[in-house]
Amino acid sequence: MDWMIVYFTRTGNCERIAKKLAETTGYPALRMIDDVNWSGFFGFMKAGFYALTGKRTKIKVEGKLESDRIVLITPIWAGSITPAAKSFLDHFDPSKVLLVTVSEVTKPQDVYRSLKRKYNLLGVHGFNRQVDEDKSIKELAEKLQRV
Ligand SMILES: Cc1cc2nc3c(=O)[nH]c(=O)nc-3n(C[C@H](O)[C@H](O)[C@H](O)COP(=O)(O)O)c2cc1C
């Protein structure tokens, strides 16, 4: 199998993008969950704190990872990737991961600048409110064919 899509989501945006990408490419999308309750106001505050302090969480991918190339889709929390995504990259070889970030206003390039120093990623792609989501999904699907 070529690629698998793994996504983490708190409010559904990454899930929507993961599912659209799966539909476009035919690659399976698996949800990743962790051991923290992120819901509600306290969940939001906790999410910001965990992201800012570089905390990791205990993760579980709901399904079998059968591919050695992964598209990892994660929200941006406080200018950083989520604790779950960091935990995933602690366990899975980053050089086999194309990281996809989903944010509101943060520019993906600003996030990648700091990530580049830590992880030797296979590639990066970003969504925020400024981009046309469907067009960007098409571009991402094409990128997966080239990498
Ligand atoms: C704790 C927290 C911090 C966030 N920080 C940022 C940020 O720094 N920049 C940004 O553009 N969006 C930020 N967001 C918004 C999310 O990145 C955005 O809503 C994303 O689409 C959420 O994905 P999801 O719906 O899959 O959970 C933050 C959200 C949360 C919960």
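Because the structure is a prediction, the values reported are computed rather than measured. (Residues numbered from 1 in each chain as written. Predicted model: local features only at pLDDT ≥ 70, side-chain atom pairs only at ≥ 80, totals over all residues.)

(A) The overall build of the protein chain, seen in detail. For the protein chain, the helix and strand inventory stands at five helices and seven strands. Moving toward the C terminus, one meets the helices and strands of the protein chain in the order β-α-β-α-β-β-β-α-β-α-β-α. For the protein chain, the C-alpha radius of gyration of 14 Å lies close to 15 Å, the compact-globule estimate for 147 residues. Projected onto its principal axes, the C-alpha positions of the protein chain cover 40 × 35 × 30 Å. Burial statistics for the protein chain: of 147 residues in total, 34% are counted as buried. For the protein chain, restricting intrachain contacts to residue pairs at least 6 apart in sequence, the fraction spanning at least 24 positions comes to 74%. (Helix = DSSP H or I, 4+ residues; strand = E, 2+ residues; numbered from the N terminus. Rg over C-alpha atoms; globule rule 2.2 N^0.38 Å. Buried ≥ 20, exposed ≤ 12 C-beta atoms within 10 Å, placed from the backbone. Contact = placed C-beta atoms within 7 Å.)

(B) Main features of the site of the ligand. Around the ligand sit 19 residues, and of these Thr 11, Asn 13, Cys 14, Pro 75 and Ser 103 come closest. Considering only residue class, the shell around the ligand consists of nine nonpolar, eight polar and two charged. (Near = placed C-beta within 6 Å. Nonpolar A, V, L, I, M, F, W, Y, C, P; charged D, E, K, R; others polar.)

(C) The UniProt feature "domain: Flavodoxin-like" (unreviewed entry) in the protein chain, seen in detail. Feature annotation in UniProt places "domain: Flavodoxin-like" (unreviewed entry) on residues 3–147, given in this structure's numbering. Segment residues 3–147 splits into 41% helix and 23% strand. End C-alpha atoms: 11 Å apart. (UniProt positions renumbered as here; feature names shortened; annotations may be inferred.)

(D) Spatial organisation of the packing of helix H1 (residues 13–25) against helix H5 (residues 133–146). The contact between H1 and H5 brings their axes to 10 Å, and the two run at 55 degrees. Between H1 and H5, the interaxial angle falls into the category oblique. For the pair H1 and H5, the crossing hand works out as right-handed. Where H1 approaches H5, its residues Ile 17, Lys 20, Leu 21, Thr 24 and Thr 25 are matched on the opposing element by Glu 133, Ile 137, Lys 138, Leu 140, Ala 141 and Leu 144. Of the residues contributing to the contact of H1 with H5, the split by class is six nonpolar, two polar and three charged. (Axes fitted to C-alpha atoms, helices over the stretch in contact; angles between N-to-C directions. Parallel < 35°, antiparallel > 145°, perpendicular 65-115°, else oblique. Left-handed = near helix turned anticlockwise from the far one by under 90°.)

(E) Region of the structure containing the nonpolar core. Ranked by internal contacts, the top residues of the largest apolar core, which has 37 residues, are Ile 5, Tyr 7, Val 71, Leu 72 and Ile 73. If you list the elements that add at least two residues to this core, you get strand E1 (4–7), H1, strand E2 (29–34), helix H2 (40–52), strand E4 (70–77), helix H3 (83–91), strand E6 (97–102) and H5. With six residues, E4 is the single largest residue contributor to this core. Leave out the neighbours within four places in its chain, and Val 71 touches Trp 3, Ile 5, Leu 21, Leu 98, Val 100 and Leu 144. (Core = buried A, V, L, I, M, F, W, Y, C linked by C-beta atoms within 7 Å.)

(F) Quick peek at the environment of Glu 104. Note that Glu 104 resides in the loop between E6 and helix H4 (108–118). Each C-alpha atom, one on Glu 104 and one on Gln 130, is 8.3 Å from the other, the two residues being 26 residues apart in sequence. Look past the residues within four positions of Glu 104 in its chain and what remains in contact with it is Asn 128 and Arg 129.

(G) Representation of the environment of Ser 39 in the model. In this fold, Ser 39 is placed in the loop between E2 and H2. Residues Ser 39 and Val 102 lie 63 residues apart in sequence; the distance between their C-alpha atoms is 18 Å.

(H) Expanded view of the pairing of strand E7 (residues 123–127). By the bridge criterion, five bridges tie E6 to E7 in an arrangement that is parallel. In the sheet register, Thr 101 faces E7, and the bridge partner there is Gly 126. Crossover E6 to E7 through H4 is right-handed. (Pairing = 2+ DSSP bridges. Right-handed = clockwise from strand over helix to strand, strands pointing away.)

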